[in-house]
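# Chain and residue survey
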Amino acid sequence: MTDRTFRRLYFFVLLGMALTLALFIGLSAFGATTTLAQGQTIGSGIANATPGDTLLVPAGLYREPLNLNKGITVQAQGVVTLSPVTAGTGTGLMVTASNAKVIGIAFVDWGTLGWHYGLGLANVTIKDCRFFRSGSMGIDGTGWLVEGNDFDRPLRGADNTVSLFGVGHTFRRNYFHGWVFPDDAQGFIHMDHIQFWNNNGEILKDILVEENIFTDYTQGMILANETATADPAKVPQNITVRNNVFWGTDMVPGPNNLNRPSWGVFLGKGPMSNIRVTNNVFRFNANHIGTRGPWTNFVQGNIITEGGANYTVEDGGTVNRGTGNVNWGWSWQMVVPTAPDLDINPQYANVNSLLGADGVPWTADDGWRPTAPMALGYGPQTAVLPGPGPAP
């Protein structure tokens, strides 16, 4: 073997070793994928995983909570249901690690869905899950993605479906529904689907809420600067609510309630900065977008129908709209008392059928979908929903 041949051979051996090492490191970065064995608990599968791994959970009923203390993905294969032995007890979902993902799992009959306030979690994903007859969920930290979930029939006494705090979260294409409105000896339950309430210095910044469907609520969303702080570091700010449907439903009339939801979106009490409510559908709310306290905002392109006559109601106090901060744009403000009036913009495919025959949100037969040309965005046009609204 000549010296030149040896050097070439040595070069290719080193190159091969380098490529093998790079491939190994690359695959390790993606993590391993493991399927839970028959009879194995989800908890034991998590215990055996390392950050970056994916744990696939076979279809079935699991009598255990999901305590996710590692940055791994736990994903259902088929219909996976987690439920306690005694309905209405326990914490069904508790995430205590950043970069964790929960995909496609049904949580049924849990007392709560985990209070994540103050844990400092980042980049948590909750996707394509179902939360049924369970308590509320608390979200905090940074960069959560909550997408494609079904929040159905929150547990009585929960008062809100999701308590929201933190920075940089996205809520997209979730379906909040199923809550009933008893008005009995225990009093009327007050249910807000997404609630921020800062009575202890909590913060809410850089939030996107888009393409969700809210129904069966007292208030679809409430963002309350309850302490009325004007501290720029603590004022709720940079919150966009766009292309959602706030579809009010009848309550049972009684001494403790009205016969329709109070608010679609309520922005409350203290100062807020850069709150944008654009291109949403509000139907059958006593008041559609409410304000209470100084705030700067952009409100435009919303479709208002079949509810109270007020587009924005000032619930006590003095609202300082500032100079040029509010752009009412081409927002409709309508009361539609009878079916024939539906021929006036906006016209819906079927006002009495929110999701259409298939019962699935965001499909072509959705009854809420506007079909007539209307003022949506900067001027009259044929509505195209869902999708991001025009930038101001």
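Residues numbered from 1 in each chain as written. Predicted model: local features only at pLDDT ≥ 70, side-chain atom pairs only at ≥ 80, totals over all residues. Heavy atoms only, no water.

What follows covers the overall build of the chain. The secondary structure content of the chain amounts to two helices and 34 strands. Relative to its 392 residues, the chain shows a buried fraction of 51%. Excluding contacts between residues fewer than 6 apart, the proportion of contacts in the chain whose partners are at least 24 apart in sequence is 60%. Just so you have it, the chain exposes about 17100 Å², and 56% of that area is on carbon and sulfur atoms. (Helix = DSSP H or I, 4+ residues; strand = E, 2+ residues; numbered from the N terminus. Buried < 20%, exposed > 50% of the residue type's maximum accessible area, 1.4 Å probe, protein only. Contact = heavy atoms within 4.5 Å. Areas by Shrake-Rupley, 256 points an atom, 1.4 Å probe, with all protein chains shown as cover.)

Formed by 57 residues in total, the largest nonpolar core has its most connected members in Ile42, Leu66, Ile105 and Phe107. Looking at this core, the element that brings in the most residues is strand S4 (residues 73-82), giving four residues. For Leu66, the contacting residues outside a window of four places in its chain are Ile42, Ile46, Val74, Leu82, Gly92, Leu93, Met94, Val102, Ile105 and Phe107. (Core = buried A, V, L, I, M, F, W, Y, C linked by side-chain atoms within 4.5 Å.)

A word on the pattern of salt bridges. What the rule picks out here adds up to eight salt bridges. In this structure, Arg133 engages Asp109 in a salt bridge whose closest nitrogen and oxygen atoms are separated by 2.7 Å. Linking Arg133 in the loop between strand S10 (130-132) and strand S11 (137-139) with Asp109 in the loop between strand S7 (101-108) and strand S8 (110-112), this pair joins segments that are 24 residues apart in sequence. When the shortest N-O distance is used, the salt bridge between Glu147 and Arg172 registers 3.5 Å. Separated by 25 residues along the polypeptide, Glu147 in strand S12 (residues 145-147) and Arg172 in strand S16 (residues 170-172) bring together distant segments of the chain. Under the relative-accessibility criterion, Glu147 is labelled buried at 16%. Residues participating in the shared-partner salt-bridge network are Lys127, Glu147, Arg172, Glu210 and Arg242. (Salt bridge = Lys/Arg side-chain N within 4 Å of Asp/Glu carboxyl O.)

What follows concerns the confidence of the model for the chain. For the chain, the mean per-residue pLDDT works out to 75, and 66% of the residues sit at or above 70. For the chain, strand S34 (residues 380-382) is the element with the lowest average pLDDT, namely 32, and strand S9 (residues 125-127) is the one with the highest, namely 98. Overall, residues 183-187 carries pLDDT values under 50, and its contacts beyond four positions in sequence, including any with other chains, amount to 13 contacts. When the criterion is pLDDT under 50, residues 372-392 qualifies, and its contacts beyond four places in sequence or with other chains add up to 59 contacts. (pLDDT = per-residue confidence, 0-100.)

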